[in-house]
Structure formats: C-alpha cells, structure tokens
Amino acid sequence: VQLVESGGGWVQTGGSLRLSCLASGRTSDGYSTGYSMGWFRQAPGQDREFVALITWRTGTVAYLDDVKGRFTISGNNAETTVHLQMNSLKPEDTAVYYCVAGFTTQATARYWDYWGPGTQVTVSS
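In this text the structure is predicted, and so the values were computed from the model without any measurement. (Residues numbered from 1 in each chain as written. Predicted model: local features only at pLDDT ≥ 70, side-chain atom pairs only at ≥ 80, totals over all residues. Heavy atoms only, no water.)

J.: Please provide a residue-by-residue account of the nonpolar core, values included.
T.: L3, M37, W39, L84, M86 and Y97 are the most contacted members of the largest nonpolar core, which has 30 residues in total. When contributions to this core are tallied by element, the ones reaching two or more residues are strand 3 (17-24), strand 4 (36-42), strand 5 (49-55), strand 7 (71-75), strand 8 (81-86), strand 9 (95-102) and strand 11 (119-124). Ignoring sequence-local partners within four residues, the contact set of L84 consists of L17, R18, L19, W39, V51, A52, F71, T72, I73 and Y97. Listed in part, the five residues of the second largest apolar core include F40, F50, L53 and W112. (Core = buried A, V, L, I, M, F, W, Y, C linked by side-chain atoms within 4.5 Å. Buried < 20%, exposed > 50% of the residue type's maximum accessible area, 1.4 Å probe, protein only. Helix = DSSP H or I, 4+ residues; strand = E, 2+ residues; numbered from the N terminus. Contact = heavy atoms within 4.5 Å.)

The structure is reproduced here in structure tokens:
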C-alpha cells in the first residue's frame, strides 16, 4: 500500500487547511488499506503524535483531545482516500503530518503498517 499526502502549506493563526491522502495498492490480505486510516504529526524535536483516525467498517472516528472541535477526518466509500479538515489552526499545530493506514485502531505509531512521506503544515502567529 502506498500513501501520498497533499494539501499542506503555510497559514496564519485561525486559518484553515485541508489535507488529503490517496492510497494505492493492496495489503497482503487483499484489503485496500486495512481496517483504518488516519493522521499522525511530528513537530521538530518531538515524537510522532496521533491526530485522528477513521475505521472503515463502523465509520468510527477518534481525535487527539487538542484537535477535537477543530479538525474533522473523513473518507470515501472505496476506502482509498482520507481527508483532514483543519480549522482554527494554532502555531502549536505546526508539524509534518503523516497519513497512515493499517489493521489497527490504536493511537500509537508502532501499530500502523503503512505511512505516507508526510506533508508540512506551518501555522504562523
């Protein structure tokens, strides 16, 4: 499975960005992307941090507490595309954002099988 992110960039505090991730290929079990897709982020000098996920079978979504009410994750029925709408952005949201896919619903990086190369999001104060 290959993941490619798009939509990162620079925005002022309070602005919005929409990230997208397109998946191609299939897992060894024949799934397009596994049970779930989601987003992590990593700021300079910090560990990768869970941001949001969506599980395909149930449509369940989960978010990092700090982004609840500001970020919205969504996906398509073909389970190959996931978006992250980010509103009311803050400087502390600045990070490289990674799209992930896999057979998990854990908010821990090591459980996710597939990672995109990342896209930079910069929020200026």
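J.: Could you give me a rundown of the side chain of T81, with the residues and numbers involved?
T.: Its location among the elements puts T81 in strand 8. Beyond its immediate sequence surroundings of up to four residues, T81 is in contact with C21, L22, W56, S74, G75 and N76.

J.: How would you summarise the state of the cysteines if you had to cite specific residues and measurements?
T.: All chains considered together, the criterion is met by one disulfide. Between C21 and C99 runs a disulfide, and the two sulfur atoms are separated by 2.1 Å. Between C21 and C99 the sulfur-sulfur dihedral comes to about -85 degrees; the bridge is accordingly left-handed. One end of the pair, C21, is in strand 3; the other, C99, is in strand 9, and 78 residues separate them in sequence. Under the relative-accessibility criterion, C21 is labelled buried at 1%. By relative accessible area, which is 0% here, C99 ends up buried. (Disulfide = S-S within 2.5 Å.)

J.: Kindly report on the pattern of salt bridges, identifying the contributing residues and their values.
T.: Inspection of every chain in the model, using the stated rule, returns seven salt bridges. Taking the shortest distance from any N to any O, the salt bridge between E49 and R41 comes out at 2.8 Å. A residue is classified by how much of its surface remains accessible, and E49, at 31% relative accessible area, is partly exposed. We note a salt bridge from D65 to K68, for which the minimum N-O separation is 3.0 Å. You can call D65 exposed: its relative accessible area is 60%. Since its relative accessible area comes to 49%, K68 is described here as partly exposed. (Salt bridge = Lys/Arg side-chain N within 4 Å of Asp/Glu carboxyl O.)

J.: Which residues make up the packing of aromatic side chains, and what values go with them?
T.: Scanning the entire structure with this criterion turns up five aromatic pairs. A ring pair is formed by F40 and F50, whose centres lie 5.8 Å apart and whose planes are at 75 degrees; its orientation type is edge-to-face. Taken together, the residues F40 in strand 4 and F50 in strand 5 connect sequence positions ten residues apart. For F40, a relative accessible area of 1% puts it in the buried group. Look at F50 and you get buried, because its relative accessible area is 10%. Pairing Y98 with W115 gives two aromatic rings, centres 5.9 Å apart and planes at 70 degrees, and the pair type is edge-to-face. (Phe/Tyr/Trp six-rings, centres within 6.5 Å; stacked < 30°, edge-to-face > 60°.)

Read these as geometric descriptors, not functional statements.
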